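So the chains spell out like this:
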Amino acid sequence: MKFSIGKSDFREVLSKVQGLTGRKTNLAITETVLITAHDDSVTLVATDLETGFEGNYPASVEAEGAIAINAKKLHEIIREFPADEIQIHEVENRWIEIRNENVEYHIVGMNPEDFQQTPPIEEVTFYEADAAALRRMIERIIIIAGAPDDKRPHIVGAYFEGVEGDNDRLIRLVSTDGSRLAKTEWVLPPEATAPTGEGVLIPKKGLQEVSRFMGSGGTIHFGFQENHFIVQKGGETITIRLLEGDFPRYGDIIEREDGTPIEMDRQLFMMMLRRMSILVTEQYKGVIFEFSDNKLTITATNPDIGESKEEMEIDYEAEPIEVAFNPRFFIDTLNVIEDERVILNILDARRPCIVRGESDATYLSAIMPMKI
Amino acid sequence: MPITDPEGSRDSIRKIIHIDMDAFYASVEQRDRPELRGKPVIVGGDPDRRGVVAACSYEARRYGIHSAMAAVTARRRCPAAVFLRPRFEVYRSVSCRIREIFMRYTDLVEPLSLDEAFLDVTRNKKEMASATLIARAIKAEIREETGLTASAGVSFNKFLAKIASDFNKPDGITVVTPEMAGDFIDRLPIGKFFGVGRSTEARMHALGVRTGADLRQLEISDLLRHFGKAGRFFYGIARGRDDRPVTPDRIRKSLGKETTLSEDIDDPDRMLVILEEIAHKIEDLVRTHEIRARTVVLKVKYADFRTVTRSATLSAPVENADVIMTHIADLLSKTTDGRQKVRLLGITLSNFAGDAEAPRCHQQLPLPLFI
């Protein structure tokens, strides 16, 4: 196999696949990228066995063939490469030369036959979506991730569903770590079609890769093939194996008729929480929120360090409520809300607090209190 | 023969109630789905995937179906039975509700699992003198507030209260007074005694002991010789003596549950179903006792009585059965699962967070998912 390729495109894609190839699996081959040269392009494939990436890039191909080469080392070599054009050549069996006139590397490859192929895309119905919108959705919900050793499907995965509303159709992503839950939606343009029926569980790690590949503009296509979620943009495809399992019926958690809405300035609330979380440690994660008489008082107590207290004026005339929360959860949520005003809905110290922006109906978060 | 109180005084006699929900999981399902009432309902694994029965309704029991039976066998005995996957979150919330009811009468509540608990009502919050009336009131409140029935055993120690609750199921109440205890124990088959499992039962039979009356014939020295330390306990309970207290919050170094299987099995899928059941019991204890343990231990006893344990230590304390099960599945695959018959399965949590590690402040509450 022998081809030459432009540095910048090649470098960009190699940087993007590091998340996949850097993930520990039981197979050494997943640390490699599979590069196949054919006609006038090369195809690059990477996988962590759950999420697969495939991209097609123009190259001038002298001899066809396939190699599997360590992705991290190849990336480092290309990143530092002092020329715009790079030649890659399998000089003998799995002995790969990367060079231009002045620089020359020889790298041992692995057997491309061992590479775990992602399933070929056959008859898939693709739906169109705005890349920036989908990326924003993903970013808003993957901050909610479980502990690394928590393998429950509804924690590892985010719930993806198409929803047919009365007036509009939307796609929705819901994510939970067991203590909080976020829901985000994208209303489809009137002419667009959306998947209907049962939702699916997509691993959040895979979605993170999707957001990394998506870039910030343009249109993507997504679809489902058996138990895979597929996203395509330009010549690049990501295929994520879906998780098997149930997602909780989250309607009761996020829908709320009663309770008092409490409106607050997002920035001021955020700064207050940041100050209050200075005394928060792994052992003392909670701070106490006290809503009473047009005032929010937050107190943080950490016997190892000390204590802090801050008050803020708010509109609140209902019964006083005292409730403990992990301030980190609020900061995470406030970070992904765009409105300047946020609305909290707290019922009591044992039920989740709902947080959303004043006007943006496409995002909502439910945060469970801590035991006082 | 009436049992004489060892202290000699009637005032020192305890009043212990054992409450056991009737066909708990199946009854909850029949309550929530009226169309299932009066029908054989089996809660447990999928018969097509070699699951086992976790619980079954009384209608199903008429077909000879019982818990821990292979679901496929159950289906063969009663093809019309409705098979359901367990909804542990629901059972747990019902269980919490029932515990709230217990707490109206006494703080001395020792839950054994989601559907059973001991209560010591010798002194109670309502200052009621009759434990029988308390048991009746609790049963009525359970029925009123959860729509489910329970059976109660009332006696002067845990052993007799537990046996009694099983005597008149469902929706029954059985009282064993000190005067009745002698006859009650005499007639009791040896397999029903606390601490007498399959193998002890066989050894008892070999000694000619088939009932409580037979057990009482044995001298303490014989019992000690045959059963070691447990012999002393058997000697006591044969005479109606069991002074184990009802302990709401035992300080524990570890917490475990195990099940001796009704038949030896070698199918890993069935083992996992049984382990899942155990994991949910453990989750319940974890919540009840607010335990923070980071090590999960799987115990497997093979048919030849060889026991192996496998353990995993996690980065954070175990919170629920799902977390336990993801590790147990890994651990089970590290045993000789599928190649040898297994007679007992157990899960233990250990490595409890000490005071230094335990949050002295607030604990994160979970969202009410899957309810």
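Predicted, not measured: the structure shown is a model, and the values here were computed from it.

Novice: I'd like a rundown of the sheet that holds strand 7 (residues 150-155) of chain B, residues and numbers included.
Specialist: Consider a sheet: its strands pair through backbone hydrogen bonds, and that pairing is either parallel or antiparallel. Residues and elements named next belong to chain B. What the five strands build is an open sheet, ordered 5-6-1-7-8; its pairing is mixed. Both edges of this open sheet fall to strand 5 (109-113) and strand 8 (173-175), since each of them pairs with a single strand only. Averaged over neighbouring strand pairs, the angle between their axes works out to 15 degrees when direction is ignored. Alignment of strand 7 against strand 8, held across three bridges, turns out to be parallel. When the sheet's bridge partners are listed, glycine 153 is paired in strand 8 with threonine 174. Sitting on the sheet, helix 6 (residues 158-165) is in contact with strand 1 (16-21), strand 5, strand 6 (116-120), strand 7 and strand 8, with an inclination near 145 degrees to strand 7.

Novice: Describe in detail the side chain of Thr32(A), supporting the description with residues and values.
Specialist: All names here are of chain A. Relative to the elements of secondary structure, threonine 32 occurs in strand 2 (residues 32-38). In this structure threonine 32 comes out as buried when scored by relative accessible area, which is 2%. Among the polar contacts made by the side chain of threonine 32, one reaches the main-chain carbonyl oxygen of isoleucine 29 at a distance of 2.6 Å. Apart from residues no more than four positions distant in its own chain, threonine 32 is found in contact with Thr21, Val45, Ala68, Ile69, Asn70, Ala71, Met110 and Phe115.

Novice: Quick one: what's the story with the side chain of Thr333(A), residue by residue and with numbers?
Specialist: Residues and elements named next belong to chain A. Structurally, threonine 333 is set in helix 8 (residues 327-335). Taking relative accessible area as the criterion, threonine 333 reaches 1% and is therefore assigned buried. Here threonine 333 is in contact with Val355, Tyr363, Ser365 and Ile367, once residues within four sequence places are set aside.

Novice: How would you explain the environment of Thr295(B) if you had to name every residue and give the values?
Specialist: When you line up the elements, Thr295(B) lands in strand 10 (residues 293-302). Not counting residues within four places of it along the chain, the set of residues in contact with Thr295(B) comprises Ser311(B), Ala312(B), Thr313(B), Thr348(B), Leu349(B), Ser350(B) and Asn351(B).

Novice: Could you give an account of a nonpolar patch on the surface, naming the residues involved and the relevant values?
Specialist: Judged by side-chain polarity, Val91(A), Trp95(A) and Val108(A) come together as a nonpolar surface patch covering roughly 260 Å² of accessible area. Position of Trp95(A) among the secondary structure elements: in strand 8 (residues 95-99).

Novice: Before we move on, could you go through unusual backbone geometry and cite the residues and values that matter?
Specialist: Backbone torsion omega between Lys169(B) and Pro170(B) reads -10 degrees, so that peptide bond is classified as cis. The residue Asp39(A) is not glycine, and still its phi comes out positive at about 45 degrees. Among the secondary structure elements, Asp39(A) is positioned in the loop between strand 2 and strand 3 (41-47). Judged by relative accessible area, Asp39(A) falls into the exposed class, the value being 59%. Positive phi is not limited to glycine here, since Ala23(B) has a value of about 40 degrees. By the element assignment, Ala23(B) lies in the loop between strand 1 and helix 1 (24-32). The buried category is assigned to Ala23(B), whose relative accessible area is 6%.

Novice: Report on the pairing of strand 17 (residues 236-241) of chain A, specifying residues and quantitative values.
Specialist: Residue and element names in this part refer to chain A. Buried residues dominate strand 17, accounting for five of its six residues. Relative to strand 17, strand 4 (residues 51-58) is paired through five bridges, and the arrangement is antiparallel. By the bridge assignment for strand 17, glycine 52 is matched with threonine 239. Here strand 16 (residues 228-233) runs beside strand 17; their pairing, made up of six bridges, is antiparallel. Following the sheet pairing, glutamine 232 is matched in strand 17 by threonine 237. In this structure, the hairpin formed by strand 16 and strand 17 is closed by a connection of two residues, where glycine 234 is found at a positive phi of approximately 55 degrees.

About the criteria used
Residues numbered from 1 in each chain as written. Chains lettered and ligands numbered in written order. Predicted model: local features only at pLDDT ≥ 70, side-chain atom pairs only at ≥ 80, totals over all residues. Heavy atoms only, no water. Pairing = 2+ DSSP bridges. Helix = DSSP H or I, 4+ residues; strand = E, 2+ residues; numbered from the N terminus. Axes fitted to C-alpha atoms, helices over the stretch in contact; angles between N-to-C directions. Contact = heavy atoms within 4.5 Å. Buried < 20%, exposed > 50% of the residue type's maximum accessible area, 1.4 Å probe, protein only. Polar contact = N/O pair within 3.5 Å; in protein donor to acceptor, adjacent residues only side chain to side chain. Patch = residues over 30% accessible without salt bridge, like charges linked within 9 Å, V, L, I, M, F, W, Y side chains within 5 Å. Areas by Shrake-Rupley, 256 points an atom, 1.4 Å probe, with all protein chains shown as cover. Salt bridge = Lys/Arg side-chain N within 4 Å of Asp/Glu carboxyl O.

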